[in-house]
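# Results of the structural survey
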Amino acid sequence: MRVLLAGGAGYIGSHTAVALLEAGHDIVVADNYANSSAEAIRRVEEITGKSVDLFEADVTNHEDMRRVFDAKPIDVVIHFAGLKAVGESVEKPVKYYRNNIDTTLTLLEVMAEKGVHNIVFSSSATVYGDENDVPYVETMKKGSCTNPYGWTKSMMEQIFTDAAKADPEMSVVLLRYFNPIGAHESGLIGEDPQGIPNNLMPYITQVAVGRRDHLTVFGDDYDTPDGTCRRDYIHVMDLAEGHVKAVEYAAEHKGTEIFNLGTGTPYSVLDIVKAFRKASGVEIKYEIGPRRAGDVQDCWADATKAEKVLGWTAKRGIEDMCRDAWNWQSKNPNGYRD
Ligand code: NAD
Ligand code: UDP
C-alpha cells in the first residue's frame with residue numbers, strides 16, 4: 001500500500017515512516033516543517049535504505065495537497081499534522097483551532113475530490129478529560145478537555161466521525177495516543193522540540209546533556225504512592241508499529257473505530273527520573289515545584305481493544321524507552337541541528 005503521512009517529518013511521523021517502510025509499504029510525506037525538518041526524513045532513508053517522496057506542503061492548503069495526491073495514488077492517509085504545545089494553545093487558541101481544524105477539513109475535502117477514503121488520525125488520551133476513571137476505555141464518554149489543544153483533538157474526532165457517517169465508503173481509525181517517549185534504536189531519529197520542552201522526557205534528556213540545569217517536578221502532593229502524577233509511557237517505536245496495524249485495518253474496513261495506543265502500565269514522574277538514571281548512568285537534578293495547571297493526576301490506557309482487534313501490543317519496557325531516549329539525545333545533543 002502507499003500511505004501518505006501528513007505531518008510525517010515530526011517525531012511520531014518519522015518513526016512511523018520507518019515502521020511502514022520496514023513492513024513493506026510505500027510512503028509519501030507532506031510537511032510544512034512548522035515543528036520539524038527535512039533532515040528527519042533523510043535519516044529515515046538512511047535507516048531503511050529506501051527513498052521517500054517528500055513534499056514541503058501546508059496541509060491546510062488545498063493546492064498544496066492536490067499536488068501531493070496527484071503525484072502518486074494514495075491508499076491510506078495518516079493525519080499527524082498539527083500543533084501540539086498545550087501551553088501555547090492556551091495563549092494562542094485561535095492559532096491552534098485554525099491550524100488543527102483546517103488541516104482536517106482540507107484533508108477530508110481533497111481526499112473526497114481524489115477518491116481516497118481511508119484515514120488514520122493522531123488523537124490523544126486528552127479527550128478522556130478529567131471526569132473518567134483510569135484505565136481509560138474507548139467506550140467511555142469523552143470528557144471536558146483542559147486546554148484548547150485537547151479540544152482541537154476532540155473536535156477533530158467528531159469531524160471525522162460525522163464524515164464517515166455521511167459517506168459509507170469512508171474508513172476512519174482514531175488512535176488515542178498515551179505518552180510516547182524514546183527514539184529509534186539507531187539514535188538517528190528522535191524527539192527534537194523547539195525551545196523549552198513541554199514534555200517530561202525531552203526535558204530530562206536535555207538536563208542529562210547539560211542544556212538545562214534541573215527538572216522541575218510539577219507537584220508531589222497528588223494522591224499517588226509518591227505524590228507525583230502517573231502516566232502511560234509508550235515507546236515511540238511500539239506506537240509506530242501500532243500505526244502499521246491501524247493502516248492495514250483502515251484499508252479493509254468501513255466506518256469509524258477508536259483504539260487506545262498505550263501499554264496499560266502507569267509510571268509516576270519520579271519513577272521515570274529513576275528509570276532514566278539507571279538506563280543512562282546520569283544523575284538528574286530535580287526540584288519539586290507547584291502543580292501545573294490542567295494536569296490530570298492519573299492517565300493510563302485499557303489497551304485490550306487494540307490487542308484483540310488489531311493484534312497489537314506494546315513490547316518495549318521503560319528501560320528500553322529511557323535507553324533509547326538517551327541514545328538519541330547523547331548522540332544529537334542539539335537535535336537535528338547537530
Ligand atoms: P510533531 O510536532 O513532531 O509533528 C507534527 C508535524 O506536523 C510536524 O512535523 C509539523 O511541522 C507538522 N505540521 C503542523 N502543522 C502543519 C501544517 N499545517 N501543514 C503541514 N505540516 C504541519 O508532533 P508529534 O509528537 O509527532 O505528534 C504528531 C501528532 O500526534 C500531532 O497531531 C499530535 O497532536 C499528536 N499527538 C502527539 C502526542 C505526543 O505526546 N507527542 C500525544 C498525543 C497526540
Ligand atoms: N512533568 C514534570 N515536569 C516537566 C514536564 C512534565 O513534572 O518539566 C510531569 C507532568 O506534570 C506530568 C508528566 O510529567 O505529570 C507528563 O507530562 P507531559 O507533559 O510529558 O505529558 P502529559 O501531561 O501531556 O501527559
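These figures come from a predicted structure and were not determined experimentally.

What follows concerns the site of ligand 2. With respect to spatial proximity, 14 residues lie near ligand 2, and among them Thr-216, Phe-218, Arg-231, Arg-292 and Asp-295 are the closest. Between ligand 2 and Asn-198 there is a distance of 3.5 Å, counted from an oxygen atom to a backbone nitrogen or oxygen. A distance of 3.2 Å separates an oxygen atom of ligand 2 from a polar atom in the side chain of Asn-199. In the complex, the protein chains occlude 87% of the 510 Å² of accessible area that ligand 2 would expose alone.

Counting across every chain of the model gives 27 salt bridges. A salt bridge links Arg-66 to Glu-113; the nearest nitrogen and oxygen atoms lie 2.7 Å apart. Taken together, the residues span a long stretch of sequence, with Arg-66 in helix α3 (residues 62–71) and Glu-113 in helix α5 (residues 93–114) at a distance of 47 residues. In this structure Glu-113 comes out as partly exposed when scored by relative accessible area, which is 45%. Notably, a salt bridge pairs Lys-92 with Glu-88, separated by 3.8 Å at the nearest N-O pair. Look at the salt bridges and you will find they share partners, linking Glu-39, Arg-42, Arg-43 and Glu-46 into a network.

Moving on, we get to unusual backbone geometry. Looking along the chain, the bond that leaves Val-134 and enters Pro-135 is cis, with omega of -5 degrees. One non-glycine residue, Tyr-33, lies in the positive phi region at around 60 degrees. As for its placement among the helices and strands, Tyr-33 is situated in the loop between β2 (26–31) and α2 (38–48). Owing to a relative accessible area of 21%, Tyr-33 belongs among the partly exposed residues under this scheme.

A few words on the site of ligand 1. The environment of ligand 1 is formed by 28 residues, the closest being Ile-12, Asp-31, Asn-35, Ser-36 and Tyr-149. Contact distances for ligand 1 include 3.1 Å between a nitrogen atom and a side-chain N or O atom of Asn-32. One of the backbone nitrogen or oxygen atoms of Ala-34 is found 3.0 Å away from an oxygen atom of ligand 1. Starting from 820 Å² of accessible surface for ligand 1 in isolation, the protein chains cover 96%. Of all elements in the fold, only α1 (11–22), α5, β5 (118–124) and α6 (148–166) reach the threshold of two or more residues within the shell around ligand 1. For the shell around ligand 1, the element with the highest residue contribution is β5, accounting for three residues. In terms of residue class, the shell around ligand 1 is made up of 12 nonpolar, 12 polar and four charged.

A word on empty space enclosed by the protein. Over the atoms rolls a probe the size of a water molecule, and in doing so it shows where empty space is left. In total, this model carries one cavity of 30 Å³ or more according to the counting rule given. If you add up the space inside the largest cavity, you get close to 70 Å³. The wall of the largest cavity is formed by Tyr-11, Ile-181, Gly-182, Glu-191, Met-201, Pro-202, Thr-205, Ala-325, Trp-328 and Gln-329. Broken down by secondary-structure element, the contributors of at least two residues to the lining of the largest cavity are α7 (200–208) and α11 (318–331).

Taken as a whole, this structure holds six aromatic pairs when the rule is applied. Judged by centre distance (5.1 Å) and plane angle (45 degrees), the ring pair of Phe-121 and Phe-160 falls under tilted. With a gap of 39 residues between them, Phe-121 in strand β5 and Phe-160 in helix α6 connect regions that are remote in the sequence. You can call Phe-121 buried: its relative accessible area is 1%. Residue classification places Phe-160 among the buried residues on the basis of a relative accessible area of 0%. Geometrically, the ring pair formed by Tyr-249 and Phe-259 is edge-to-face, given 5.6 Å between the ring centres and 85 degrees between the ring planes. With Tyr-249 in helix α8 (residues 236–252) and Phe-259 in strand β11 (residues 255–261), the pair connects residues that are 10 residues apart, well separated along the chain. With a relative accessible area of 12%, Tyr-249 lands in the buried category. Through pairs of rings, three or more aromatic residues link up here, namely Tyr-128, Tyr-136 and Phe-178. One cation-aromatic arrangement involves Arg-291 over Tyr-222; the distance from NZ or CZ to the ring centre is 3.9 Å.

The rules behind these values
Residues numbered from 1 in each chain as written. Chains lettered and ligands numbered in written order. Predicted model: local features only at pLDDT ≥ 70, side-chain atom pairs only at ≥ 80, totals over all residues. Heavy atoms only, no water. Near = heavy atom within 4 Å. Polar contact = N/O pair within 3.5 Å; in protein donor to acceptor, adjacent residues only side chain to side chain. Areas by Shrake-Rupley, 256 points an atom, 1.4 Å probe, with all protein chains shown as cover. Salt bridge = Lys/Arg side-chain N within 4 Å of Asp/Glu carboxyl O. Helix = DSSP H or I, 4+ residues; strand = E, 2+ residues; numbered from the N terminus. Buried < 20%, exposed > 50% of the residue type's maximum accessible area, 1.4 Å probe, protein only. Nonpolar A, V, L, I, M, F, W, Y, C, P; charged D, E, K, R; others polar. 1 Å grid on protein atoms, 1.4 Å probe; cavity = no way out; pocket = protein on both sides within 12 Å on 5 of 7 lines; lining within 4 Å. Points joined across faces, edges and corners; volume = space filled by probe spheres on them. Phe/Tyr/Trp six-rings, centres within 6.5 Å; stacked < 30°, edge-to-face > 60°. Lys NZ or Arg CZ within 6 Å of the ring centre and 35° of its normal.

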